[in-house]
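Fold and contact review
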Amino acid sequence: MQTRTRRAVIKTTGAFATLVSLGIITQSQAQAAVDRASFQVKTLEDALKAIGGTAATSDQVTVVSPDIAENGAVVPVGATSKLPNTTEMYLIVEKNPTPLSAGFMIPAGTVADVQTRLKMGQSTNVIAVVKADGKLFSATKETKVTLGGCGG
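Residues numbered from 1 in each chain as written. Predicted model: local features only at pLDDT ≥ 70, side-chain atom pairs only at ≥ 80, totals over all residues. Heavy atoms only, no water.

1. Regarding the overall build of the chain
Rules: What counts as a helix is a DSSP run of H or I of at least four residues, what counts as a strand is a run of E of at least two, and both are numbered from the N terminus.
Tallying secondary structure elements over the chain gives three helices and nine strands in all. Ordering the α and β elements of the chain from the N terminus gives α-α-α-β-β-β-β-β-β-β-β-β.

Encoded structure:
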C-alpha cells in the first residue's frame, strides 16, 4: 500500500483543479489520472482487463520502439493510431513487474501519436492498445534489451 503525505495530496489535487479550471483537461480525465490501481496489476491478462479487455489486432495501430535497446532503464517507446475517434492509448510492457506502463487520453481533434521512455527489465513484447469508437485495437513489437532496467 502506498502512503501519501498531506502535502503531496494537496499539490496533486491543486494541479488537477487548475488544469480542469483552465479547460486543459476534463474532470473525468483528472479523476482517471488519479486512479492508479490499473498501473499496479502484475500480469498481462490483468493489465488488459484493467483497460477494458482483449483488443483486436489492427494494422492502423503502430508500436514505436527500437529493435534493440542498449539500456533497459530508458527505452524510447511510443504508439501511433490512424483510427478515427481515438480517445485513449496505453503502452504495455509484457514481462515487466507491472506491465501497464503508460496511459494517455487523446482529446478530440488531436493526432494520436504518443512518445515516452520506459524501463524494461528484459527483452519483451511492447503492446500498444488503442481505444477508438469505444472498441480496443492493438499492435505488438518485440524489443530486445541488452542491459536490464528493472533491477537488472
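Next, the rest of the story.
2. Here's the deal with the environment of Asn 125
We count it as follows: Here a polar contact means two N or O atoms within 3.5 Å. Within protein one must be a hydrogen donor candidate and the other an acceptor candidate, and residues neighboring in sequence count only if both atoms are side-chain atoms.
Inspection of the secondary structure puts Asn 125 in strand β8 (residues 124-132). With 16 residues separating them in the primary sequence, Asn 125 and Lys 141 have C-alpha atoms 5.5 Å apart. There is a polar contact of 3.0 Å between the side chain of Asn 125 and the side chain of Glu 94.

3. Things to note about the nonpolar core
Keep this limit in mind: Side-chain atoms within 4.5 Å are what join buried Ala, Val, Leu, Ile, Met, Phe, Trp, Tyr and Cys residues into a set we call a nonpolar core. Each residue gets one of three labels from its accessible area relative to the maximum for its type: buried under 20%, exposed over 50%, partly exposed in between, using a 1.4 Å probe on protein chains only. Should any heavy atoms of two residues lie within 4.5 Å, those residues are considered in contact.
Ranked by internal contacts, the top residues of the largest apolar core, which has 23 residues, are Val 61, Met 89 and Leu 91. Of all the secondary structure elements, the ones that give two or more residues to this core are β2 (61-64), β4 (75-81), β5 (86-93), β7 (113-118), β8 and β9 (135-145). A per-element tally of this core places β8 first, with four residues. Excluding anything up to four places from it in sequence, Leu 91 contacts Val 77, Gly 78, Ala 79, Pro 99, Leu 100, Ser 101, Ala 102, Phe 104, Thr 116, Leu 118, Ile 127 and Ala 128. Counting twelve residues, the second largest nonpolar core, distinct from the first, contains Ala 55, Leu 100, Ile 127 and Val 129.

4. A look at unusual backbone geometry
We note that Asn 85 has phi near 60 degrees; this positive angle belongs to a residue other than glycine. Here Asn 85 is to be found in the loop between β4 and β5. The backbone of Asp 133 sits at a positive phi, close to 55 degrees, despite the residue not being glycine. Relative to the assigned elements, Asp 133 resides in the loop between β8 and β9.

5. With respect to the pattern of salt bridges
Let me state the cut-off plainly: Salt bridges are defined by distance alone: a side-chain nitrogen of Lys or Arg within 4 Å of a carboxyl oxygen of Asp or Glu.
As enumerated under the stated definition, the model contains four salt bridges in all. When the shortest N-O distance is used, the salt bridge between Lys 141 and Asp 67 registers 3.4 Å. Taken as a pair, Lys 141 in strand β9 and Asp 67 in the loop between β2 and β3 (68-69) lie far apart in primary sequence, 74 residues in all. Classification of Lys 141 by relative accessible area gives partly exposed; the value is 23%.

6. Focus: the sheet that holds β2
Definition in use: What makes two strands pair is DSSP finding at least two bridges between them. Comment: axis = line fitted to C-alpha atoms, over the contacting stretch for helices; angle = value between 0 and 180 degrees taken between N-to-C directions.
Strand order in the open sheet formed by three strands is β2-β4-β7, and the pairing between neighbours is antiparallel. Every interior strand has two partners, whereas the edge strands, β2 and β7, have only one. Each neighbouring strand pair of the sheet contributes to a mean axis angle of 15 degrees, computed without reference to strand direction. Both β2 and β4 contribute to a ladder of four bridges, which runs antiparallel. Following the sheet pairing, Thr 62 is matched in β4 by Thr 80.

7. Things to note about the environment of Ala 56
Take Ala 56: it is sitting in strand β1 (residues 56-57). C-alpha of Ala 56 to C-alpha of Lys 135: the two residues are 79 residues apart in sequence and 8.6 Å apart in space. Beyond its immediate sequence surroundings of up to four residues, Ala 56 is in contact with Leu 136, Phe 137 and Ser 138.

8. Considering the side chain of Ser 58
Mapped onto the elements, Ser 58 comes out in the loop between β1 and β2. At 3.0 Å, the side chain of Ser 58 and the backbone nitrogen of Gln 60 are in polar contact. When sequence neighbours within four positions are dropped, the list of residues in contact with Ser 58 reads Leu 83, Phe 137, Ser 138 and Ala 139.

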